[in-house]
Every structure is written in C-alpha cells, then in structure tokens.
2 protein chains.
Amino acid sequence: MKIEYRPIGFVHSPFQTASGTPIQPSRAKGIEGTVVLEDEFIEALSDLDGFSHIILICHLHRALPFKLKVVPYLDTELRGLFATRAPSRPNPIGISVVRLLAIDGPRLRIEGVDLLDGTPVLDIKPFVRDFDDEIEVRCGWLDEVSGGDAVSDGRFER
Amino acid sequence: MKIEYRPIGFVHSPFQTASGTPIQPSRAKGIEGTVVLEDEFIEALSDLDGFSHIILICHLHRALPFKLKVVPYLDTELRGLFATRAPSRPNPIGISVVRLLAIDGPRLRIEGVDLLDGTPVLDIKPFVRDFDDEIEVRCGWLDEVSGGDAVSDGRFER
C-alpha cells in the first residue's frame with residue numbers, strides 16, 4: 001500500500017543545513033520564516049489569521065534513511081526511533097508548532113522556525129490548546145536529560 | 001513533485017464510520033484501541049514506554065476529497081480548510097495525541113481514540129509538553145463557538 005502526497009507549499013527559512021538549525025520550534029524563538037503556498041490554496045487560508053499558532057506538517061526532505069535506534073539530540077544513548085523526534089523516520093514527517101505573524105495572499109509569515117529552507121509543506125492546521133493539551137505528561141528519557149544543545153548537528157541529514 | 005509514504009501499521013478502534021466517532025482525542029476519553037505496527041519496527045519502540053502520551057500521525061484513508069472551505073464540527077459557518085481540523089485536506093494527514101497504556105511487541109494499547117478502524121499509521125512520535133506547549137494561544141473562530149457536538153457526522157467521509 002502506497003500513499004502519495006504532494007507539497008501544498010514550501011518553507012523559506014534562514015537554515016540551509018541541519019547543523020545549527022534549532023531542534024524544535026520552542027528553541028527557535030524569534031527566528032522568522034515564510035511559508036509560501038500554491039496559489040490554489042489561498043482561499044483555504046480564510047479564518048486562519050484568528051489563530052496565534054499553527055501546526056506545520058512537513059516532509060523532511062533532507063533526512064537520512066531511517067534507523068531503528070538513534071542517539072537523539074539532548075541525549076548520549078541509543079533510543080528507539082519512535083521515542084525520539086529525530087527526522088530520519090520511516091516516513092520523514094515533521095510537526096512544528098509555530099507562531100503565525102501575518103498572512104498575505106499565499107504567504108504566511110511565521111516565527112519559531114526549526115525547518116530547513118525549501119522544506120515541502122504537506123498540511124497546515126490550527127493549533128488549539130484544548131485539543132492538544134494534556135494534564136499529566138511523562139516524557140521518559142527526556143525527563144532525565146537536562147537542557148543540552150538546542151541546535152542540530154548533521155547526524156540525520158543527507 | 002510526489003512524496004510517497006507507506007503505512008508502518010494500522011489502528012484498530014471501535015469506530016467503523018465517521019458518524020459517531022469523537023472529533024478529537026480530548027473528546028474520546030476512556031475509548032481504547034490498538035496500533036499494530038509491522039514487525040520490522042518493534043525495535044524502534046524501545047524507550048517509548050516511558051512516555052505517557054504519543055502523537056499518532058495517520059493517513060485519513062476515508063476522508064472525502066478536499067474543499068477550500070468547509071463547515072467544521074462545532075460551527076455552522078464556512079471556514080477556510082486550513083483553519084479547521086476537518087479531515088478532507090489536500091494531503092489527508094491526521095494528528096492524534098493519545099494516552100499510551102501499554103506496549104506488547106508490535107502492539108500499542110492506547111486511550112483517547114478518535115480514529116476509524118483500519119486507519120493507516122505513518123509515524124509515531126513522543127508527546128512532549130515542553131516542545132509542543134505554548135503560553136498564549138488565540139484560537140480564532142473556535143474561541144467563539146461553544147462546546148457543541150463532540151462526535152462526527154458523515155460530512156467528510158467517503
């Protein structure tokens with residue numbers, strides 16, 4: 001069974017390589033970028049300007065082929081891939097919650113960019129706290145490691 | 001440019017049709033299901049049991065072709081598709097944060113299931129509050145509508 005998607009647009013960001021790119025939007029405060037959608041989708045952006053944050057679902061086009069275990073950022077031990085946010089996944093899909101600054105036609109100006117320049121965007125969803133939030137959260141190995149580096153190196157990039 | 005993915009596994013849930021299915025995991029408290037991964041991915045599940053919640057990224061295989069504007073659940077007005085969580089999207093990708101109850105080999109028992117039986121799973125990520133949470137969130141049209149129905153009807157389903 002094959003599933004076929006196509007980009008609805010692309011990310012423009014200051015980052016040309018994974019090395020030095022923030023590992024998550026929460027580590028990318030103040031970093032701005034742009035999503036430029038195909039013109040056919042402009043109408044589907046109506047009402048989105050009421051939301052302060054959006055979820056970008058992206059194809060991580062530069063990710064290396066997946067491995068079952070990886071040493072994730074913030075850690076020094078091998079962990080099961082699905083217990084990490086490493087980009088080298090069976091289907092290299094990334095989720096980024098970013099702040100929506102402005103919409104102008106097919107262009108969305110965003111803040112909190114942790115994505116490489118040229119990343120294909122597959123979907124945009126409104127970020128809704130009520131839907132996404134949970135009261136009690138345990139975070140396994142991540143609860144045990146401290147801050148650490150907040151930017152990538154090239155370990156997952158092609 | 002075409003992007004090709006394949007299921008890493010499938011969801012088993014009590015829901016055979018969209019009508020009556022909870023519209024979000026937060027509306028599906030107590031509803032249990034199972035994700036069964038392909039055996040080749042078992043090792044990639046290491047360390048995931050330390051996390052209380054996981055993000056399922058799924059291909060919404062029963063979604064109708066997308067429209068630029070839809071009347072979303074909880075509302076009575078046409079809204080731009082990207083300002084909604086409606087499943088009929090250019091790339092019908094769904095995100096569900098569910099509680100992880102147990103892992104047994106390739107099987108993940110989960111709670112908070114808002115997915116149809118047989119939904120293909122594309123990726124599993126740990127849910128991490130620090131990464132996903134934002135302090136101030138505005139939610140546009142959703143801030144204006146009250147609770148409303150918490151289950152789907154068939155409007156987006158094929």
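Quick caveat, the model's predicted, so the values are computed rather than measured. (Residues numbered from 1 in each chain as written. Chains lettered and ligands numbered in written order. Predicted model: local features only at pLDDT ≥ 70, side-chain atom pairs only at ≥ 80, totals over all residues. Heavy atoms only, no water.)

Draft legend 1. Spatial organisation of the overall build of chain A. Helix and strand counts for chain A come out as 2 helices and 9 strands. Expressed as a percentage of its 158 residues, the buried residues of chain A come to 57%. For chain A, long-range pairs separated by at least 24 residues make up 81% of all intrachain contacts whose partners lie at least 6 apart in sequence. A total of about 6,500 Å² of accessible surface is found on chain A, and carbon and sulfur atoms cover 49% of it. (Helix = DSSP H or I, 4+ residues; strand = E, 2+ residues; numbered from the N terminus. Buried < 20%, exposed > 50% of the residue type's maximum accessible area, 1.4 Å probe, protein only. Contact = heavy atoms within 4.5 Å. Areas by Shrake-Rupley, 256 points an atom, 1.4 Å probe, with all protein chains shown as cover.)

Draft legend 2. Region of interest: the side chain of Ser-13 of chain B. All names here are of chain B. Topologically, Ser-13 is positioned in the loop between strand 2 (9-12) and strand 3 (32-37). Take Ser-13: its relative accessible area is 10%, and that puts it in the buried class. A polar contact is formed between the side chain of Ser-13 and the backbone nitrogen of Phe-15, at a distance of 3.0 Å. Those residues within four positions of Ser-13 in sequence are excluded, and the remaining contacts are Val-113, Leu-115, Leu-116 and Asp-117. (Polar contact = N/O pair within 3.5 Å; in protein donor to acceptor, adjacent residues only side chain to side chain.)

Draft legend 3. Quick look at unusual backbone geometry. Look at Asp-47 of chain A: it is not a glycine, yet its phi comes out positive at around 75°. By relative accessible area, which is 25% here, Asp-47 of chain A ends up partly exposed.

Draft legend 4. Looking closely at the sheet that holds strand 4 (residues 53-59) of chain B. Taken in spatial order, the 6 strands line up as 2-3-8-7-4-9 (chain B) and close into a barrel, and their pairing is antiparallel. Averaged over all pairs of adjacent strands, the angle between strand axes in this sheet comes to 45°, irrespective of strand direction. (Pairing = 2+ DSSP bridges. Axes fitted to C-alpha atoms, helices over the stretch in contact; angles between N-to-C directions.)

Draft legend 5. Representation of the packing of aromatic side chains in the model. Inspection of every chain in the model, using the stated rule, returns 5 aromatic pairs over all chains. Where Tyr-5 of chain A meets Tyr-5 of chain B, the ring centres are 5.7 Å apart and the plane angle is 75°; that geometry is what we call edge-to-face. Of this pair, Tyr-5 of chain A sits in strand 1 (residues 3-5) while Tyr-5 of chain B sits in strand 1 (residues 3-5), each in a different chain. By relative accessible area, Tyr-5 of chain B is classed as buried at 2%. Here the aromatic rings of Phe-66 of chain A and Phe-41 of chain B are separated by 5.7 Å at their centres, their planes lie at 45°, and the arrangement is tilted. On the criterion of chain membership, the pair formed by Phe-66 of chain A in the loop between strand 4 (53-59) and strand 5 (69-70) and Phe-41 of chain B in the loop between strand 3 and strand 4 is interchain, its members lying in two chains. (Phe/Tyr/Trp six-rings, centres within 6.5 Å; stacked < 30°, edge-to-face > 60°.)

Draft legend 6. Here's a closer look at the sheet that holds strand 8 (residues 107-111) of chain A. Residues and elements named next belong to chain A. Taken in spatial order, the 6 strands line up as 2-3-8-7-4-9 and close into a barrel, and their pairing is antiparallel. Across the sheet, the mean angle from the axis of one strand to that of its neighbour is 45°, orientation sign disregarded. Sheet topology places strand 4 next to strand 9 (residues 120-126); 5 bridges connect them, and they run antiparallel. Its bridge partner lying in strand 9, Ile-57 is registered against Asp-123.

Draft legend 7. Region of the structure containing the pairing of strand 2 of chain B. Residue and element names in this part refer to chain B. The pairing of strand 2 with strand 3 spans 4 bridges and is classified as antiparallel. Across the sheet, the residue bridging to Val-11 is Val-35, located in strand 3. By the bridge criterion, 2 bridges tie strand 2 to strand 9 (residues 120-126) in an arrangement that is antiparallel. Directly across from Gly-9, in strand 9, lies its bridge partner Val-121.

Draft legend 8. Here's a closer look at the environment of Val-97 of chain B. Positionally, Val-97 of chain B belongs in strand 7 (residues 93-104). Between the C-alpha atoms of Val-97 of chain B and Leu-108 of chain B, which are 11 residues apart in sequence, the distance is 14 Å.

Draft legend 9. Spatial organisation of the state of the cysteines. Evaluation of the coordinates by the stated rule reveals 0 disulfides over all chains. Cys-58 of chain A provides the cysteine sulfur closest to Cys-58 of chain B, a residue in no disulfide bond, and the two sulfurs are 18 Å apart. Since its relative accessible area comes to 0%, Cys-58 of chain B is described here as buried. (Disulfide = S-S within 2.5 Å.)

Draft legend 10. Fine view of the pairing of strand 7 (residues 93-104) of chain A. Residues and elements named next belong to chain A. Two elements, strand 4 and strand 7, share 7 bridges in a ladder whose sense is antiparallel. Note that in strand 7 the partner of His-59 across the bridge is Ile-93. Between strand 7 and strand 8, which pair antiparallel and follow one another directly, the connecting turn spans 2 residues, one of which, Gly-105, has a positive phi of 60°.

Draft legend 11. Structural view of the confidence of the model for chain A. Residues of chain A with pLDDT of at least 70 account for 80%, and the chain-wide mean is 85. Interface confidence in the predicted complex, given as ipTM, is 0.87; pTM for the same model is 0.88. (pLDDT = per-residue confidence, 0-100.)

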